[in-house]
Amino acid sequence: MVEAQTTSMQSRRKVVLFAFLCVIATAMGCGKNLPFTLKSGAQPDPVGTHASFAGTVTALDGSTITFQKNTKPVVIIFAGLSCTSCEQMMANISQSLPYPGRKPDMIDVYTVFVEADLASGQAKYADLVSKGLSLPWTFAVDPDSTFHNQYCGSVDPCTVVQMPGSGIVAQFYGTTYSGKPAYYGILGLTGPWQSSGAS
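Each chain carries its own residue numbering, running from 1 in the direction its sequence is written. Whole-chain, interface and lining totals are the exception, using all residues; otherwise, since this is a predicted model, local features are given only for residues with pLDDT of at least 70 and side-chain atom pairs are given and counted only at 80 or more. The side-chain figures draw on all heavy atoms in the structure; neither hydrogens nor water molecules are used.

**Student:** How do you make sense of the nonpolar core when you look at a structure like this?
**Tutor:** In summary, soluble globular proteins display a tendency toward joint burial of nonpolar side chains. In terms of nonpolar packing, the biggest core is built from 29 residues, with Phe 113, Trp 137, Phe 139 and Trp 193 touching the most fellow members. Of all the secondary structure elements, the ones that give two or more residues to this core are β4 (74-80), α2 (84-96), β5 (108-114), β6 (138-142), β9 (167-173) and α5 (182-190). Put simply, DSSP H or I for four residues or longer makes a helix, DSSP E for two residues or longer makes a strand, and each gets a number counted from the N terminus. The biggest single contributor to this core is α2, with five residues. Between two residues, a contact is recorded if the distance between any of their heavy atoms is within 4.5 Å. With residues up to four places along the chain from it excluded, the contact list for Phe 113 reads Ala 79, Leu 81, Met 90, Gly 121, Lys 124, Tyr 125, Leu 128, Phe 139, Ala 140, Val 141 and Asp 142. Within this scheme, the nonpolar core is defined by two criteria: the residues are buried Ala, Val, Leu, Ile, Met, Phe, Trp, Tyr or Cys, and they are joined through side-chain atoms within 4.5 Å. Burial here depends on accessible area, computed with a 1.4 Å probe over protein chains only, as a share of the maximum for the residue type. Under 20% is buried, over 50% is exposed, and the range in between is partly exposed. Formed by 18 residues, the second largest nonpolar core is a distinct cluster that contains Ile 65, Phe 67, Phe 147 and Tyr 151.

**Student:** What is the right way to read the sheet that holds β4 from this model?
**Tutor:** Paired through their backbone hydrogen bonds, the strands of a sheet run either parallel or antiparallel. An order of β3-β2-β6-β5-β4-β8-β9 is seen for the seven strands of this open sheet, with the pairing classed as mixed. What marks the edges here is a single partner per strand, and that holds for β3 (64-67) and β9. Put simply, the sheet's adjacent strands are angled 30° from each other on average, direction ignored. Where strand β2 (residues 55-59) meets β6, two bridges bridge the pair, whose relative direction is antiparallel. Each bridged residue has a counterpart across the sheet, and for Ala 59 the counterpart in β6 is Ala 140. Contacts between α5 and the sheet are confined to β4, β8 (158-163) and β9, with β8 contributing the most and set at about 20° to the helix. Criterion used throughout: strands pair if DSSP finds at least two bridges between them. Here an angle of 0 to 180 degrees is reported between the N-to-C directions of two axes, which are lines fitted to C-alpha atoms, with helices fitted over the stretch in contact.

**Student:** How should I be thinking about the confidence of the model for the chain in this particular structure?
**Tutor:** Detailed reading of predicted coordinates is not advised where the pLDDT is low. pLDDT: the predictor's confidence for each residue, scored from 0 to 100. On average, residues of the chain score 80 in pLDDT, and 75% of them are at 70 or above. Throughout residues 1-9 the model reports pLDDT below 50, and contacts reaching past four residues in sequence, or to other chains, amount to zero contacts. Within the model, the stretch residues 14-42 combines pLDDT values under 50 with 34 contacts to residues more than four positions away or in other chains.

**Student:** Any chance you could explain α2 here in plain terms?
**Tutor:** Since the α-helix packs 3.6 residues into each turn, any two residues three or four apart lie on the same face. In this model α2 runs 18 Å from its N-terminal to its C-terminal C-alpha over 13 residues, within 8% of the 18 Å that 1.5 Å per residue would give. Among the residues of α2, those classed as buried are Ser 85, Cys 86, Glu 87, Met 89, Met 90, Ala 91, Ile 93, Ser 94 and Ser 96. What a helix is expected to span follows from its residue count: subtract one and scale by 1.5 Å.

**Student:** What's the story with the environment of Tyr 151 in this structure? I'm lost.
**Tutor:** Here Tyr 151 is to be found in helix α4 (residues 148-151). Taking the C-alpha atoms as reference points, Tyr 151 and Pro 46, 105 residues apart in sequence, are found 5.6 Å from one another. Nitrogen and oxygen atoms within 3.5 Å of one another constitute a polar contact, given that in protein one can donate a hydrogen and the other can accept it, and given that sequence-neighbouring residues count only through two side-chain atoms. Within polar-contact distance, the side chain of Tyr 151 engages the backbone nitrogen of Ala 54 at 2.8 Å.

Now the structure itself:
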């Protein structure tokens, strides 16, 4: 009887250990089975410490985007090329816009592909469009993560919001903000992204 109980306890321990190892293995999948991509490095919090974005990234047409003080709200979504939740977040934002396919005119929105060169960024954008996504905002790349690392740390998607006169007012990881899908959470900070008369 005692031997049977010991064997049963050992079996349970093995099951628990196996389940724990499965969780660790899933986490090591770098975002394929998680709502974000794991990265290494510090996790800066720019809220209240940055008056505005500063730095440059390369747009997918090869031009340089220089961030500086802006008269409109600015939203930057930092995304990894293999980050499935980043893709889902962009799709949700696109589908939530009152006028899908129309570039926001009351706010500046950017997706910056992190650790991606120009060719990789262009290929990823083409892949997203080929899946039927309408993404009417500016896409860029940050090959060495210099710009990204000023505002975000260990995970993608990381979204940062800057408001005129207030500087950076929000930074969040994942696909929700304030308990809402990203677009609706950000909307509470920025107000409308599109005017009814925009073309």
